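Structural description and commentary
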Amino acid sequence: MFGVYLIFAGMVSLASTFNLGLTNALVRYLSLPTVSKSNKLRYWQTCFSQFIVLSIVVFFLSLLVNLLVVSKLNLGHLLPQSSILATSLLISLIIFVNHLIQPMLVLPQVDQKFVFFNLRNLIIGSGTTLLTAFLSSYYPSFPHLFAFQLVLYIIAASIFLKYAVNKFTFAKVWPKFHKDKAKKLTNFGLRSFVGNVANQLRNQSSRFVLAGMLNPQAVTIFSIPQNIVMKILGGISQLTLSFFPLSASLSSKERIGKLQKLILGIQGLVLVLGIFQVYLVYQFGFQFLIFWLKDITLAAQAFSVLKILSIFFLFTGLTPIPSVVLDGINKPQIPSMFAVFTAILDIALIFLLTPQYGFLGPAYAATISSIVATVLFLISFTIIFTRYKYKLTHD
């Protein structure tokens, strides 16, 4: 049943990427020192209005996907049809609320108030995990669990709306469409949107393939170590939240040298931590999984996946900082192009390797695609950034 839960919960993460890249665009325009305070307000109002429309569209799309796709994944023997329908509706409502939160999250990110920003992770991330684990003993049905999660999303939305009101005042915080700002937001956003979708499709496709080709038990075996690795990668993503607005503000002729030094320093630190992570996994990973899962057989299977994914982490961890730097210098299409390439390679390898290696197939696929794409991406980034710096300093 845990594998089935992960399939439904994964829909929220997948749907969150369908934002047309507007949050990245909003971060950039609210961070640029050349944008006036009045124009920043117009960017916010326009982005908020765009997200209201997107939230409605994604709500109905998620309902359609849940009813037409998820219901076909051989789950009928595990869940009654009424439970699948109720869960599909609740997941779609969670996706709707989560979409509305996205532009609000940008504000504390731009203001560098990451303690407040991480309230979202505390309420929705840790809150839903702990609450689900606790309530599953008393309310084991999926509709009950996702209904409680929906309440947490609504609480988070209320908190971040209050932050927006405090920043812009109650009269000015509400959506208002400005055509010129919408054009700029959409133009920048779409260039990064493709990459975000590709990354989520890559992350979630393995679960659907395993559920379709093998069984929900295989989803559980693979998802446990995958979630561990993705949580750790999330730590690097937290670093990029502050580095994105910073890199945008440092991409000027006078400050580009400082940006280059920061990139080299952070990348070196990430590489050392990645190597140390591989050591920790091979030395202590099995003992940790036995302690956590209380099941030697499941721990052994999950450990075989975790060892492979530790190499995936080593290479993938080197890509977020260069990606946000490219966003900051107005080249978001470069990370998107490589994200699409990686996703295509990864999904192709999943279908190729899963029949032979079972639940290890997606782990091998993710690692091989990450090694190939990361090497090519870092070479491309070095060339592009060097040319950008040269052009900036010689104009």
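You'll find the structure just up there.
Here's what I pulled together on the structure shown here.

The rules behind the values
- Residues numbered from 1 in each chain as written.
- Predicted model: local features only at pLDDT ≥ 70, side-chain atom pairs only at ≥ 80, totals over all residues.
- Heavy atoms only, no water.
- Helix = DSSP H or I, 4+ residues; strand = E, 2+ residues; numbered from the N terminus.
- Buried < 20%, exposed > 50% of the residue type's maximum accessible area, 1.4 Å probe, protein only.
- Contact = heavy atoms within 4.5 Å.
- Core = buried A, V, L, I, M, F, W, Y, C linked by side-chain atoms within 4.5 Å.
- Patch = residues over 30% accessible without salt bridge, like charges linked within 9 Å, V, L, I, M, F, W, Y side chains within 5 Å.
- Areas by Shrake-Rupley, 256 points an atom, 1.4 Å probe, with all protein chains shown as cover.
- Salt bridge = Lys/Arg side-chain N within 4 Å of Asp/Glu carboxyl O.

Okay, the overall build of the chain next. The secondary structure content of the chain amounts to 14 helices and zero strands. In the chain, the order of α-helices and β-strands from amino to carboxyl end is α-α-α-α-α-α-α-α-α-α-α-α-α-α. Put simply, the chain has 395 residues, and 53% of those count as buried. Of the contacts formed within the chain by residues at least 6 apart in sequence, a portion of 83% connects residues at least 24 apart.

Counting residues in each nonpolar core, the largest one holds 48 residues, and the members touching the most others are Phe243, Leu289, Leu309 and Val325. Looking at this core, the elements that each hand over two or more residues are helix H8 (179–213), helix H9 (216–249), helix H10 (256–293), helix H11 (296–316), helix H12 (320–328), helix H13 (333–357) and helix H14 (361–394). Excluding anything up to four places from it in sequence, Val325 contacts Phe243, Ser247, Leu259, Ile263, Phe381 and Phe385. Within the second largest apolar cluster, 46 residues are counted, among which are Cys47, Phe51, Ala156 and Phe160.

A cluster of nonpolar side chains, contributed by Val53, Val57, Leu61, Leu64, Leu67, Leu68 and Leu85, occupies part of the molecular surface with about 610 Å² of accessible area. For the nonpolar patch, the leading source of residues is helix H3 (residues 37–68), giving six residues. Here Val53 is to be found in helix H3. Residue class for Val53 comes out exposed when judged on its relative accessible area of 52%.

All right, on to the environment of Leu26 then. Structurally, Leu26 is set in helix H2 (residues 22–31). The exposure class of Leu26 is buried, given its relative accessible area of 0%. Counting along the chain gives 158 residues from Leu26 to Lys184, while the straight-line C-alpha distance between them is 9.7 Å. In this structure Leu26 touches Tyr43, Trp44, Cys47, Pro103, Val106 and Leu185, once residues within four positions along its chain are discounted.

All quantities given are derived from atomic positions and should not be read as evidence of function.
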